[in-house]
Structure formats: structure tokens, C-alpha cells
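Letter by letter, the chains look like this.
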Amino acid sequence: MLSVRHVSKSYPGPRSRDVLHDVNLDLKGGEYVAIMGESGVGKSTLLNLIAGLDAPDTGTIELAGVALAALDDDGRTRLRREKIGFVFQAFHVLPYLDVAHNVELPLALLEVPPKDRARRVDAMLAAVGLDGRGTSLPRELSGGELQRVAIARALIHEPMLVLADEPTGNLDPDNAAQILDLLRTRVKAGGAAAILVTHSDRAAATADRVLRLTAAGFTAEAPK
Amino acid sequence: MATSAFGQARYPLVRPGVPLVFPRDHGAHPDFRTEWWYITGQVRDARGRAFGIQITFFRNRPGLQEESPSGFAPKQLLFAHAAIADPTHGKLRHDQRAARAGLGLAEVSPTTTAVHIDDWSLALEGERYRTRIAADTFTMELTFSATQPLVLQGDRGVSRKGPRPEQSSYYYSRPHLATTGTIAIDGKPASVQGVAWLDHEWSSEYLAPEAQGWDWVGLNFDDGGALMAFRIRLRDGGILWSGGSRRDPQGSVRVFAPHEVRFEPLRTWRSPRTGGVYPVAMRLRAGDASFDLDPLMDDQELDARPSVGTVYWEGAVRVRENGQPRGHGYLELTGYVRPLKL
Amino acid sequence: MTGRLLIGPILQHPGRSLLCVVAIALGVALGFAVQLINGSAISEFTRAAQTLAGKADVTVRGPRQGFDESIYVDLARRDGVALASPALEVDAKLPGREEPLRVIGLDVFRAGRLQPALFAEGADLLDSLRADTVFLSPAAMGWLGVKPGDTLTVQSGLARHGLHVAGALTGEASLGRVAVMDIGAAQTLFDRIGRVSRVDLRLASGVDVERFVAALDLAPGLTAERPRDAGTATDRMTRAYRVNLDVLALVALFTGGLLVFSTQALSVAQRRAQIALLRVLGCTRGQIAGLLLAEGLLLGIVGAALGLAGGLALARIAMEIVGADLGAGYFRGIAPVLRVSPVAALTFGGLGVVAAVVGSLGPALEAARAAPAAALKSGDDQRAFAALRPPWIGIACLGAGAAASALPPVDDLPVFGYLAIAALLMGTILSLPALTAFALARIPTAQRIPVALAIEQLRARPAQAALSLAAIVAAVGLSVSMAVMVSSFRTSVDAWLEAVLPADLYLRSSSGGDSAFFTESDQARIRDVPGIARIEFLRWQQVLLDPQRPRVTLLARDGVDLDAERRLPLIGPIASTDPSLPRAWLSEQTAAIYGFAPGQRIAVPLNGRLHEFVVAGIWRDYARQNGAVLIDRAIYTALADDRSANDAGMWLTAGTTSADVQSAIEAVTGKDAVEFATPGEIRAVSLSIFDRTFTVTYALEAAAVLIGLVGLSSAIGSQVLARRREFGMLRHVGVLRGQIARMLATEGFIVAAVGLLIGVALGFAMSLVLIHVVNRQSFHWGMQLHVPVAGLALFIAVMLMLSTITAVFAGRQAMAGDAVRAVKEDW
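About the cut-offs
- Residues numbered from 1 in each chain as written.
- Chains lettered and ligands numbered in written order.
- Predicted model: local features only at pLDDT ≥ 70, side-chain atom pairs only at ≥ 80, totals over all residues.
- Heavy atoms only, no water.
- Pairing = 2+ DSSP bridges.
- Helix = DSSP H or I, 4+ residues; strand = E, 2+ residues; numbered from the N terminus.
- Contact = heavy atoms within 4.5 Å.
- Buried area = accessible area lost by both parts, 1.4 Å probe.
- Salt bridge = Lys/Arg side-chain N within 4 Å of Asp/Glu carboxyl O.
- Polar contact = N/O pair within 3.5 Å; in protein donor to acceptor, adjacent residues only side chain to side chain.
- Buried < 20%, exposed > 50% of the residue type's maximum accessible area, 1.4 Å probe, protein only.
- Axes fitted to C-alpha atoms, helices over the stretch in contact; angles between N-to-C directions.

Some points on the pairing of strand β11 (residues 138-146) of chain B
Each regular strand displays side chains that alternate between the two surfaces of the sheet. All names here are of chain B. As judged from the seven bridges shared by strand β10 (residues 128-134) and β11, these two strands associate in the antiparallel manner. Counterpart to Ala-134 in the pairing with β11 is Thr-139. In sequence, β10 turns back onto β11 through a hairpin of three residues.

Here is the structure:
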């Protein structure tokens, strides 16, 4: 489903540095993987490369059998729109849209008929525990609630891959546990694969398997 | 000279006993208030189509700005009407012009008949009148040649129009004018010939204030005789004055007294445009004779409101006596829409 | 959904969006109002002219004094002429009234066929022919407050004549204020025997009008035109003035567009992460650019709609208060009805929308280009302004502006002058980031924390400061340039008035109109009035030098040739001339419009003949925009066979007061028949007219400054809001509220000072273009540069104060929330 082959990435400039060097990663459909590693080792960069937001210097990335390098920006954008869901550490919920409309955004981009959208948004909001909060504005929500919105938005269009970058980094431990649980449940329920980038062992423990990213590439860790 | 007051101006009055002198009296008499040269006639083209024609030049002295040094001062006003009665057309084709005399663009001569408004003109040359009329939808270029001496109307040219002596005009007629020339309707010219009648009349007190209008007729008989008759109607329907004359083919003239002239309407026609009801067919009793007048066509109404402010009926008629055709002439009916003012 | 994505950001910053809308609306409103007012006046003027001309195909006109009636007779008799209708037009003085009444003498028999609309149906024909009756247009009746049956008094020469008002001219035609009477009566009344001033011709069917006109071969001073061209001539007359106002409106629109640009650029910078998120979620570059452009479009449409409504209201009010010529005196005697022109609405509404869309184009494209992954990271917003950095585009623009100011006018319009102003404005705006960075780098580093922080903050983000400044620089530049130009103009006019009013007392037969004058015997009697040491009479009329152009004023004054150096505001030396030819002194306008130089010969039509003069010198004239030719009255009297005079200047003997002389002259002429004025009074009236003319300009200036100021405060405010986390952090580490306020005040002060500096410099540059290029090419008059130092200093001080207050006020609002939340807040 996802195949990362010999990918390297470095950022030019006065403080030029290699971020990723010859990284390989394979992900099967429905697989839930955690990636851990030190700060600056390139976890977020890898997610950006997989999402097609950035291009590797060398190596290839194939998503659902499509080589990203073969697509132009618009092509990669469409692929991302359809196949990928994103969850960020900083929530990134649009402040001027209410909860339901934030969640609806991917469906709108995919031009799903409005009737279907409302139904799916309602179901999804119920599934993430935000039943009845559809008309709330982001400023009225707590951090945990905002992240639920983000998860709902990442899954609403039934992507085949969910990328979560430190989704609990801004949350207190109780909220974090609930969110991790929710993320896993919802990803599995949708049959999607997921990559969870985290510093937290507790978070990593929710994954099917854990990969540790170092300057030398991935080393596998058995699930606990 | 006796005068009549109007505006700031004094007008001379008509006095009996002053003999008319020709050719001087063919010309204009600018001191008098009104004056006209009035030609009516009937002509036929080469194919035998009959037309009635009317060409009139009026002169008016309004008595305004008489001291003004301006060339535009309206001391003398000139008007002209022209009409063609064409039975195939059903109504008159007519047009009119109006101007103040002056600057050479519109003038009237005091020495002989010579009057023009822009390119409309009437002039006497010897014993021939020439006219040129360039109207919007027709043109006329005609010559009228005298075949008989002129007729002085009334008392040696002074024609009474009312019970008071000053209600008179100087008036002579020229019947049996041999007419030739060209008329062009809508740009199609046709040579015509026929017989016409000219009236020249001037006055300062023509119409009494209580008068409604007049009926007038001028007839050229086929035998060379001529007859003129008129009556002046009152606003109450009565008759203020009548008059006329008849000259027999031998040239002797009989002047009718007022009671000798009677007009009896035989048939009326109502104008769809003005609502005026005109007695277009008349029985005329003049002396011991009686003539029936039949219009060439009913609608011979002429709307001259844009120039002189009146509407009248001026129509070609056929004359019969005892059922026998006797000749042709023109019948004029005025004051049938509103009282006539000069 | 798209709707929400569009409306959301706009509603998030309602104040900022409203400001953009208001700015656009203001520009649209001003442009639309100017167009509406002038359009209505022109259309009214044209309709009046067409009603007067009626069904005429050709109108032949001559000098204001008329031409010989034999020309009318010749025209009437000419082949191809179906009907000729003569008219004598006189602007008659009405005793006790400043404005004259146009009296048209007509031949009812001819005009009745050609111009039937001029005659009341059912009116007595004799009334149209009487020497002492007039028919008035409804507008004239309303103006004069008379009705049929009343008496109207007009002045001819120094005598008064009562005219009987016989009736109203047909009401349906919009004629303006006119009276119609018999042409013969008019010739007599106004002493114009033998003269007509216009002949309307109806041609026979099938006659080609162009060919007929070409073959006319009219006498000198006469012109033949098609009546429908009358509006065009008027349009041309007011064009320079109107284009001036239109350009001002466009500048307001430009300022609005700039405001949209800076607002959108700042907004996009702040929403960078949001936009990046949309990209991450799958919006294409095209969709992002489209979304941002649609925001601009929406602002533009709302602004344009409000602007059109406002323009309509503004036009109504302006026409009520200052009149259809906006106080400039072009449209006397007509009372236009406001006519809404769809074309003008579409044009100015469209311009408003375009300004907004173009303003948001740059930020939209930039946002679409940004790499989403990088943009999601905070602190990236400076990158947004990188594209604005290269200063060479701005410098090239400034250079183009300087070059354009040296180019000649196009079709009598200072097209390149306006382009130069646009280029200077654009160049300065484009150079703003570089200029701002340059200026900020030169501010010495301060020791005290708030000031030091402020300077560091500004230095770190010069592009943002530049963006906040765009609108204020444009507005200040515009205002300063107008202020310098108007002040130079006013000072020059004042100096000129002093030069052209050397006498102690002035006497005129009529301030407007041409029916009142002094006959030769009037002049002799006035000359004999005791207390007058010297008197010079002046005769003026209008003559046609070129059929394609409006008439120029011919001035004939006593003693001009004897004393020109001292008595005329000459520009340049007196040419040594051929003594066999009479001398003519041309106004600056005449020389510029017709291309005459001293020493050249000029042919002036007088009394139907061309007379040769030699140009002896050029003098400055601010009074007669269409040009003036001054000759000695002795020569005029001989050539034109006209001994009348309109005005006189008097020097009084020692010990005589103006009042003595006034009453002595009134004893000769009759009271109210003449007007007196001292040089001081004339100066005061002239300057008040001047100020009224520039009222609109002042209003536009104020509006532009207001937009700029609000724009600046909004930009500062929005940046302050965006820095809430920064303030929260500062408060966490122990910075006092007051210190933050001082920091913001310093920032506001510095930004405003930089902006004002640049704006004033720009304004001076533009004022030079206005004075030496735009005014010279539009109106053909020169002026001395005069800088209103005190006024400008006050203006700058007020602007600085307002900007500083704005920054502090915005900071206080931003700090209203608690610091802990501000730190946690993500955006």
C-alpha cells in the first residue's frame, strides 16, 4: 500500500544537514505503525514526503501503487485529498468554521454530495464523541475536543492512510490516552493504515508495531 | 382718408367712388389691413383626369413694429395656400407658406401683381399670370391668360360686405383665364390645361364682428358667361349680407342686390378631421336663375391653421341648370369650424 | 462550503474588510458622482441646444456680437436649403441680477416650421410679433419668479425696457433659462439692427450635409456645425476640468486598491498556516488563488455597490449645493436633472471591482505559490513579502514617471502628465519595502527596553511596515501634491489680480451678458464726472479664431499700446514689431492653444473681415480659459466700427473717494444700471470663487487622507493583534503593560514618520508635475511654486499624533485578554 524506497532528504542552506538517509518503509493496508525517534531525526519530514507535501532528493515513494514522483503538484494534491488523512500536534482547526464544517472540509474538497456529507459528518462526530457539538466554534472547545475534531476531519473521507504527527503533544495525559484510543479505534474501524509519529512510549504502545527512526534508518521494535 | 384703428396702426377704409386704376391696382395696397389674390380653376391632364386647383396669396398688415428700423420688423405678413383636388386621391393635397415681407426673401409689389414667399410666386406679365408653387408633395407651374376683360364687382369695384358702408372691399374678378402648364404630384409631372378664375380683393374692415363666415362661389359657364355670388352668415345662423354679379357671354354685367342671392344647402359633409359640417352641395338662386352646385369630391377641406389660423372648405364644383351641365367653378365655405377671423 | 471558506476570513476581521469596502466605495462614489453630474449637465446642455436647433441640419454661428443679416439672406437663397431660420441671441442684463437671461430673437414663421417646440400651441400669432412681448421657458419663469401677464425688465445699453410676458415656451423641451421674442423686436431692443447671431438651416432632401458644409465658404469668424455637435463642443470645454476630477477619483480608487492589497497581503500572511492547511487537505494552488481572489472580488463588489449608491447621493447633494459644474462656472442658465448613466455606473463600479481584485492578485498568487509544509511552521510570514523586495521595479517606475512628465499633451489632454503621476505613485509604493528598510536601518539603536524592542521588531519585519504604509503614503502624497499645487495657484492668482487691477475703481455695465454697454455719449458723460483723474474704457466681445475651438475673448482697452510693460502681467519681453501692423497682446492660453509666439502675425475677424495683427507680447491670464486677445481700443474702434464700451477703470484725483465718484456716475447712468467695484472687492470675490472651485478638491483630499489614516491604523492594529502571543510571553517574563504600550507607541510613531517622510517627498514630486505639466497642458497657465509650510507642518504633526494614538489604542485592545491564554493560543 505504501512503499518508501531508499529515500534521502537534506535541506540546503548555511546550516545544511541530511535529515533522512536511505530510508525504507513498507506498510500494508490496515497496518497501524508508530514511528519514534529523536528530535530532528526527520520524522515529520518523512510524513511530509509521504503526503507529497515535499519531494525526496533521491529514492521513490509509492502510495497505492502510484509513484509520487510521477505526479505534478496538483496530481499529488488530489492523491493526498483522497487517500490521506492528517492529524497535527497543534490541531490546526480553522477558527472561522464551526466544528461540523471543519470536519466536512475533506468531503467538500472531494465534491461529495451535500446530503451525504451531513450524514457522514453527523456519524463521524458521534463516533469521536462530539455528538451535538457540530455548531460549536473552535474557540469554544478544549484542546482534547479540538483534537477530536482533527481526527474526525482526518478520517471523514475514509482515507487509506492516516498520518498523525505528535497528535497528543499538546494534551494532558488523560486526554492524550483518550485521543490515542480514539484514533486507533477510528483508524481500525475505517480499515485504514496509519503512521503515528510520537515521542511517547505510551502512545507508541497503541500501534501494531513500532519503528525507531535514527540517522541510520529504521530499526524495528517489537510491539509491547 | 378715413381710417380704422387696429393695434397702433391706422388703416384706410374703402370708399365708394374712387375709381380703380390699372395696372396700379393689380399691385398691393399695403396700407389696407388685408388683401388677397385668389386663383381657382379646373384643369385636365392629357388622359382626361380632372383636377381642381387653388393658389392664393394673402397680405396682412398687423400694425406692429411699424416704426422699427429692423429689416425683420413684421410690418407686412404674407401667406400663401396651394391645393390640388384630385378625385382619385379623395382629399385635397395642400400646403402653405407664411413669412414677413422683407429682405428680398418674401416681397409684394405695390405696382402690379408680383408676390413671392421664398420659392412660391405669382406675377402678372402683360395679360398673363405666372405662378410657381413648390410644395412638399406637389409642384405647380401654371400660366393663366386673360381671355375677357376683368369684372369690377359691386359698385365699380367697391363690394359691400355688410350694412355699414365701411364694411366693404375693393374687388375685381378675372373669369375665364385660359390655363396651361404642369402640375407634378409626388414627383410625377403632367401637362394640364383648363379654365381658372382670379379674384383680387383688399379691405380694412372686411368682416363684421358678428359674422360667422361666408360662402362664396365663382362660376365659369361653358358659354363664356361668368357668375360670382357670396353671402355673409351671422353667428346666430342668419344672413348678414349677400351679393354677386353675372356677366353674360355678350359682356353685359348684372349686379345682384342682397335679396337676389340665395344659397340653399342640398347635402352636407362632415369632416372626420375637424368635425366641421359643410353644405358641399348647394342650390344657388341668383336673380331669376337657379343653379345646382355639385362638388368634384366631398373632402376639399383645407386646414390653414399653421399659417392664417383658419380651416375652410375650398372646392371645385360642377354647375347644372335645370339638370343640364352649364360649367365649372369653385365654392368656398368658411367659418364652419370656428368663426372666421381675418 | 466554498461560501463559508470565502466569508469566514472576511467576517473574522470585519473592521479590516469594512475598511477595504469603504475605500473602494469612496473611490467609486467620487468618480461616479463627478461623471453623473457632468454627464447630466452636458446632456441637458445638448438637449437645450438640440431643442433650439429643432429639425435643423446645419447651424451657422458667428461672433457673440452677431453678423450681418445679408449672410442669412444669402444662406436662405442658397441651393439645397429648404428652410433657413435666423436667430439673434443676446445675453440680456436684468437690472439687479448678476446672471443674464438669454433672449433669443426668432422669426416665428420660419422657426415655427424648424423649431416647433419653441412655440406654445394656441398662442396668439400677434403676440409672437409684438415689439414688447416675450415668451419664457419654464426654467426662466421659475428662476425669475414671473408668470404670464407679468412684466420683465431688461437693460439695453444703460436703458431699461419692460417686456410683457405673453406666455410659456412649450414645457416638454428642456431649454434652460431662455426667453424668445420676435427677431425684429430683438434687433431694435438691443440695438443690433441688421445683425443675426445664428442661422439654422434645413436642407432639401437628398442634400449631403457634409458636402454642403464643406462648400459653404463662410465669411471669417463664422462657423457651420451640425446641431448634434453642440454637446461635443461643451463636452470639450469642460473636459480638462472633468478629467482632472476623474483622475482624482481614480487616485482615490487606486488608494482603495492599495488598501485591499495591503489588507490582503497582511491577512494572507497571518492566514498562512490556515491556507497551508487547506493545501495539505487537498486544495490545489488554483483553488487557493481563486479563493483569495474571490475574497477581493467580494470586497470589490460590495464596495462598488455602496460606491454607486453613495455616488448618486453625492451627485444629488453636490448639484443642490454647488451646481452642475461643481462650482467651476461652465453651465450657466441650465438646470439639469440628474440622469443616471448605466455606462458610467458600469465603468466606475467595474473599476472599483477591478481595483479590489487587482489589489488581492499579488497576495493570492503568492499564497498559492507558498510551499505548504514550510508555511505550516510559524514565523514564516516574512517570506510572503520576499517578492516585494527587489527595488529595481520601483526605481524603473520612478524613472518612467520622470520621463513621462517631459512629454507633450495628447489631444489637448496631459495624458503623460497623469501617467507620470501614476508612475511616481506606483514607483514609490513598489520601492516602499526597500525605502522602509533603508530608513529603519538608519534609526539608532535605543537603550530603553520598550523603544529598543520596537525598533528591533520593525527592523525584523520591514516588509510589513512597508505594507501598512502603502495607503498612507499614497494618500499623503496626493494631499501634499494638491496642497502645494492649490497654494501655488492661489498665490499666483492673487499676485496676478494685483497686477491686473491697477486702477482705484472699476465700473462695469454688466457682470454677465452682452446687452448692457456704454455708448459713446455715455462714455463722454462719465469722463466728465469730477474727481476722475484718468479713465480707461474696455470693450470686449468674443471672436472665433478657429471653428473647431471655443470663441476667444477679444479685449479692446484704452492706451494698451502706450503702456504695456507697466500695465500687463507680461511673460517675457515685448517683441519688436513691424510698425505698419497693429499690435495684439495674447494671453498665455491663446499663445499655447493656437501656437503663437511674439513677432508672429495673427488674423482676427472683426466685423466680418480678417484683420492682421502682430503678436507684441504674451501676458498671464487666469480669467479666460479659452484664451484672450488684447488690442488697443483706438484700433478696435476703427476696425470694428464699434464705439461702445463694457467696462472702465478709473484713477481718482487726490482727495476724492470712491463713494463720491460712484454717486456722481450713478447720477449719469441711473442706479442699478452699472456695477462698481474696488480692486479689493474684485480680489475678494475672485479668490472666493477660486476657493469654491477647489472645494471638491479639498473634499477629495480629506477623503484620501482619511482612507490612508484608517488604513494605517487598521494595519498597525492587525499586526498588533497577530502579536498577542508575543505580548503574552513578554508579560510572562515581566514586561509591564505600560512598557508594551510605549513600545507600540514608538512603533506607530516610527512607521508613521517614515510613511509621512516618503509621502511628503512623493507629494512634492507630484506637485511639480501638476504645476508644470498637468495644469500647463490642461489649462495653459503657468504659476509660481509656493509651499504652504505652516499648513504642511501642522498636517504632518496631526498625522503623527493620530498614528501614534492608533498604535497604542490597538495595543490596549490586544492586551485586553489574559497573558496565559495568549501564549497557549496557536493562532
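Having seen the model, we can carry on.
Points about the interface of chain C and chain A
Listed as interface residues are 22 residues of chain C and, on the opposing side, 24 residues of chain A. Approximately 2300 Å² of surface area, both sides summed, lies buried where chain C meets chain A, with 67% of it carried by carbon and sulfur atoms. There are zero salt bridges connecting chain C and chain A. Inspection of the chain C/chain A interface yields four residue pairs in polar contact (both at pLDDT 80 or more). For the side of chain C that touches chain A, the secondary structure elements donating two or more residues are α1 (2-12), α9 (272-281), α10 (285-321) and α12 (372-376) of chain C.

Let's talk about the environment of Gly-190 of chain A
If you trace the backbone, Gly-190 of chain A turns up in helix α6 (residues 173-190). Given a relative accessible area of 48%, Gly-190 of chain A falls into the partly exposed group.

Quick notes on the pattern of salt bridges
By the definition in use, this model includes 66 salt bridges over all chains. Of the charged contacts, one joins Arg-209 of chain A and Glu-31 of chain A as a salt bridge, the two residues approaching to 2.4 Å between their closest N and O atoms. Residue Arg-209 of chain A is found in strand β9 (residues 209-214), and its partner Glu-31 of chain A is found in the loop between β2 (17-27) and β3 (32-37); the two are separated by 178 residues along the sequence. Between Asp-107 of chain C and Arg-110 of chain C there is a salt bridge, with the nearest N and O atoms lying 3.7 Å from each other. The pair Asp-107 of chain C / Arg-110 of chain C is uniform in exposure class, with both members buried. Connected via shared salt-bridge partners are Arg-100 and Asp-118 of chain B together with Asp-107, Arg-110 and Asp-182 of chain C.

A short note on the sheet that holds strand β7 (residues 159-168) of chain C
Residue and element names in this part refer to chain C. Pairing within the open sheet is mixed, and its nine strands lie in the order β6-β7-β5-β8-β4-β3-β10-β1-β11. Only two strands of the sheet have a single partner each, and these edge strands are β6 (151-156) and β11 (223-225). Each adjacent strand pair in this sheet contributes to an overall mean axis angle of 30°, direction not counted. Relative to β7, strand β5 (residues 133-136) runs parallel, the two sharing four bridges. Along β7, the bridge assignment pairs Val-134 with Val-165.

Side note on the side chain of Asp-558 of chain C
Residues and elements named next belong to chain C. Mapped onto the elements, Asp-558 comes out in the loop between β14 (552-557) and α18 (564-567). There is a polar contact of 3.1 Å between the side chain of Asp-558 and the side chain of Arg-633. For Asp-558, the residues in contact, after removing those within four places along its chain, are Ile-535, Glu-536, Phe-537 and Arg-633.

Some details on the side chain of Glu-35 of chain B
Residues and elements named next belong to chain B. By the secondary structure assignment, Glu-35 is in strand β3 (residues 34-45). A polar contact is formed between the side chain of Glu-35 and the side chain of Arg-59, at a distance of 2.8 Å. Polar contacts involving the side chain of Glu-35 include one to the side chain of His-200, which spans 2.6 Å. Once you skip the residues sitting within four places of it in the chain, Glu-35 turns out to touch Gly-27, Ala-28, His-29, Phe-57, Phe-58, Arg-59, His-200, Glu-201 and Trp-202.

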